[in-house]
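As a plain string of letters, each chain reads:
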Amino acid sequence: MKPLHPSPELDVAALADGIKRGVARAIARGITIVERGGASARRLLEQIYSAGGRARIIGFTGAPGAGKSTLVDQVALSLRRRGYRVAIIAVDPTSPFTGGAILGDRIRMAGIVEDPTVFVRSMATRGALGGLARATFDAIAVLDAAQIDVILLETVGVGQVEVDVVRMVDSCVVVLVPGMGDAVQAFKAGILEIGDVFVLNKSDREGAELLARDMRLLLSLEQRREGAWEQPLIRTVATSGEGVEMLVDRLQGHTEFLAISGEGRARRSAIVRAGLLRIITDEIAASIVGGEAALLEDLVVQCAERKTDVYTAAARLRAQWVAGEFFGGG
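Source: prediction; values computed, not measured. (Residues numbered from 1 in each chain as written. Predicted model: local features only at pLDDT ≥ 70, side-chain atom pairs only at ≥ 80, totals over all residues. Heavy atoms only, no water.)

A cluster of nonpolar side chains, contributed by Y49, V272, L276, L277 and I280, occupies part of the molecular surface with about 480 Å² of accessible area. For L277, the position within the fold is in helix α10 (residues 263-291). (Patch = residues over 30% accessible without salt bridge, like charges linked within 9 Å, V, L, I, M, F, W, Y side chains within 5 Å. Areas by Shrake-Rupley, 256 points an atom, 1.4 Å probe, with all protein chains shown as cover. Salt bridge = Lys/Arg side-chain N within 4 Å of Asp/Glu carboxyl O. Helix = DSSP H or I, 4+ residues; strand = E, 2+ residues; numbered from the N terminus.)

Counting residues in hydrophobic clusters, the biggest one holds 48 residues, and the most contacted among them are I19, L44, I89, V142 and L143. The element that contributes the greatest number of residues to this core is helix α6 (residues 136-145), accounting for 7 residues. In terms of nonpolar packing, the next biggest core, distinct from the first, is built from 27 residues, V72, L77, V177 and V244 among them. (Core = buried A, V, L, I, M, F, W, Y, C linked by side-chain atoms within 4.5 Å. Buried < 20%, exposed > 50% of the residue type's maximum accessible area, 1.4 Å probe, protein only.)

In this structure the tally under the stated criterion is 1 aromatic pair. Centre to centre, the rings of W229 and F257 are 5.6 Å apart; their planes meet at 45°, and the pair counts as tilted. You can see W229 sitting in the loop between α8 (208-221) and β7 (233-235) and its partner F257 sitting in helix α9 (residues 244-261), a full 28 residues away along the chain. (Phe/Tyr/Trp six-rings, centres within 6.5 Å; stacked < 30°, edge-to-face > 60°.)

Before going further, it helps to examine the packing of helix α11 (residues 293-304) against helix α12 (residues 310-322). Relative to each other, α11 and α12 sit at 165°, their axes nearing to 9 Å. The angle between the axes of α11 and α12 places the two elements in the roughly antiparallel class. The chirality of how α11 crosses α12 is right-handed. The residues of α12 that touch α11, namely those facing L295, L296, L299 and C303, are V310, A313, R316, L317 and Q320. (Axes fitted to C-alpha atoms, helices over the stretch in contact; angles between N-to-C directions. Parallel < 35°, antiparallel > 145°, perpendicular 65-115°, else oblique. Left-handed = near helix turned anticlockwise from the far one by under 90°. Contact = heavy atoms within 4.5 Å.)

Fair warning: the whole summary comes from geometry, so function is off the table for now.
Below, the structure written as structure tokens:
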């Protein structure tokens, strides 16, 4: 039985044109499509990809409660005052039980709510490691094609796997806050190794001076090659905007360093490389699951009962995928 109101066929060319002209509704629909994936997403990305390449991508990462959303809000306001067109992607954690997400970042981004020129999109991690939604790479491509100048990517604070953020951004801001563990422990977690700019937010709180001292000491001990970028430590109070202009200035300085040193091109290549590997990994996994689910489940049972090991099972799946026995394989 046919539906009474069938969905209209997606006009990919018209949608791509709207995205490239910066139409907000087209951008929103485009991101929804790439989040869902499939043939429509692929066709859309094929048509808009060449229009991108100019947007600057800045990632914000740090522990939950560090004030990242408020800080991103203030940075967006500063960038708008400087004449830049800004978009924000805020990645929210997904419940491992229901699959739902809070998607509440806009509550803490009151400053840019009244600015219709700032595009804000919340995305759920959907179980992806590293605090990043699986579709983040494609969503960035949509915003880049829409002639956005700066894309601010805020990730959930999930600890060591948060370092994956560096694979998608030109500049990485690590946000720290007093009272949430010392700087040495943060270094042990590995999260500080990815920072281009460090922010001590809520710096009016007790313990800020001690944390700032420890951070400066640890950063001074870091071994850098000659001519490398020296990561600054900026103190901010995001709720009042204190220190935000200095942060934006330092981020601009990092952009200039990337261009002069040539590191910017290397970072862009790394971003593309990570995106390609993600696509390949996802497509192989999808083709295995969709092509021969019975074999997959049989191997799962065999591994669970210790009748075979996971490496032998993986080798069997890989061999059949290479042979083209799964849908989409070969």
